[in-house]
Amino acid sequence: FAIKVNLQDLIMYGYILIDLGQYQKSEELFKDLTLDFDFTEINYALANIYERTNRKQDAIEHYEKTITNNPEFEQAHFSLAYIYDEISEDEAKDFENENVQKAIKHYKESIRLNDKNFWSFINIGSIYERYNENEKALNYFLKAYEIDKNKDMVSYNLGVVYYKLKEYDKSL
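My aim in this report is to walk through the structure given alongside it, one point at a time. (Residues numbered from 1 in each chain as written. Predicted model: local features only at pLDDT ≥ 70, side-chain atom pairs only at ≥ 80, totals over all residues. Heavy atoms only, no water.)

Notes on unusual backbone geometry
Across the chain, the bulk of peptide bonds are trans and the bulk of non-glycine residues have phi less than zero. Despite not being glycine, N132 has its phi angle at roughly 60 degrees, a positive value. Topologically, N132 is positioned in the loop between α7 (118–130) and α8 (134–147). The phi angle at K166 is positive, at roughly 65 degrees, despite the residue not being glycine. Tracing the backbone through its elements, the reader meets K166 in the loop between α9 (152–164) and α10 (168–171). (Helix = DSSP H or I, 4+ residues; strand = E, 2+ residues; numbered from the N terminus.)

Structure below.
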């Protein structure tokens with residue numbers, strides 16, 4: 001009596017383990033799969049595990065592998081940008097910091113691939129606002145507002161940027 005399991009079933013099982021918070025088991029499964037396969041989805045899954053377990057450098061490595069295998073993988077660009085953004089918040093004092101620029105690059109690529117990704121617009125706008133690039137921040141926040149006018153976060157961010165731009169009547 002033999003059980004036949006295909007690769008997609010194993011990948012799905014790995015994602016179920018992630019959802020259950022069983023990161024070590026899912027990591028072992030995906031690492032075993034990488035011995036035989038070099039699929040984009042496996043690298044993405046490993047990156048996701050590493051991100052959830054705060055292993056940022058490992059996550060970066062696997063998101064980059066994912067993007068190398070599939071440059072059109074929008075969620076990998078978004079996730080990689082998010083990690084670079086987190087790192088830059090902790091360490092960057094100026095806009096020209098390498099991690100800040102990498103975050104911007106990957107958020108822009110995420111937007112190119114999916115121009116309805118609300119969070120890419122919010123996050124890149126927040127980077128620009130953090131470094132007082134307020135005109136650029138305003139443009140991204142306005143695009144986020146076009147996507148979803150009901151998000152309080154957009155209204156708040158627009159208010160902050162309008163205030164910094166001394167457009168007080170719009171900041172309310």
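Describing the nonpolar core
Core analysis: the biggest nonpolar cluster contains 45 residues, and F30, Y63, I104, Y107, I124, I127 and Y128 have the highest contact counts within it. Setting aside chain neighbours within four positions, we find I104 in contact with F95, I124, I127 and Y128. (Core = buried A, V, L, I, M, F, W, Y, C linked by side-chain atoms within 4.5 Å. Buried < 20%, exposed > 50% of the residue type's maximum accessible area, 1.4 Å probe, protein only. Contact = heavy atoms within 4.5 Å.)

Re the packing of helix α1 (residues 7–19) against helix α3 (residues 40–52)
Their axes nearest at 11 Å, the elements α1 and α3 cross at an angle of 10 degrees. It follows from the interaxial angle that α1 and α3 lie roughly parallel. Along its contact with α1, which presents Q8, I11, Y15, I18 and D19, the element α3 presents E41, I42, Y44, A45, N48, I49 and R52. Here the contact of α1 with α3 is built from residues that sort into seven nonpolar, two polar and three charged. (Axes fitted to C-alpha atoms, helices over the stretch in contact; angles between N-to-C directions. Parallel < 35°, antiparallel > 145°, perpendicular 65-115°, else oblique. Nonpolar A, V, L, I, M, F, W, Y, C, P; charged D, E, K, R; others polar.)

Concerning the packing of α7 against α9
The contact between α7 and α9 brings their axes to 11 Å, and the two run at 25 degrees. Here α9 runs roughly parallel to α7, going by the angle between their axes. Once α7 is placed against α9, the crossing between them reads as left-handed. Counted together, F118, W119, I122, S126 and E129 of α7 and M153, V154, N157, V160, V161 and K164 of α9 form the full contact between these two elements. Among the residues forming the contact of α7 with α9, the class breakdown is seven nonpolar, two polar and two charged. (Left-handed = near helix turned anticlockwise from the far one by under 90°.)

Topic: a nonpolar patch on the surface
Side chains of M12, I16 and L20 sit close together on the surface and give an oily, nonpolar patch of about 310 Å² of accessible area. With respect to the element layout, M12 can be found in helix α1. (Patch = residues over 30% accessible without salt bridge, like charges linked within 9 Å, V, L, I, M, F, W, Y side chains within 5 Å. Areas by Shrake-Rupley, 256 points an atom, 1.4 Å probe, with all protein chains shown as cover. Salt bridge = Lys/Arg side-chain N within 4 Å of Asp/Glu carboxyl O.)

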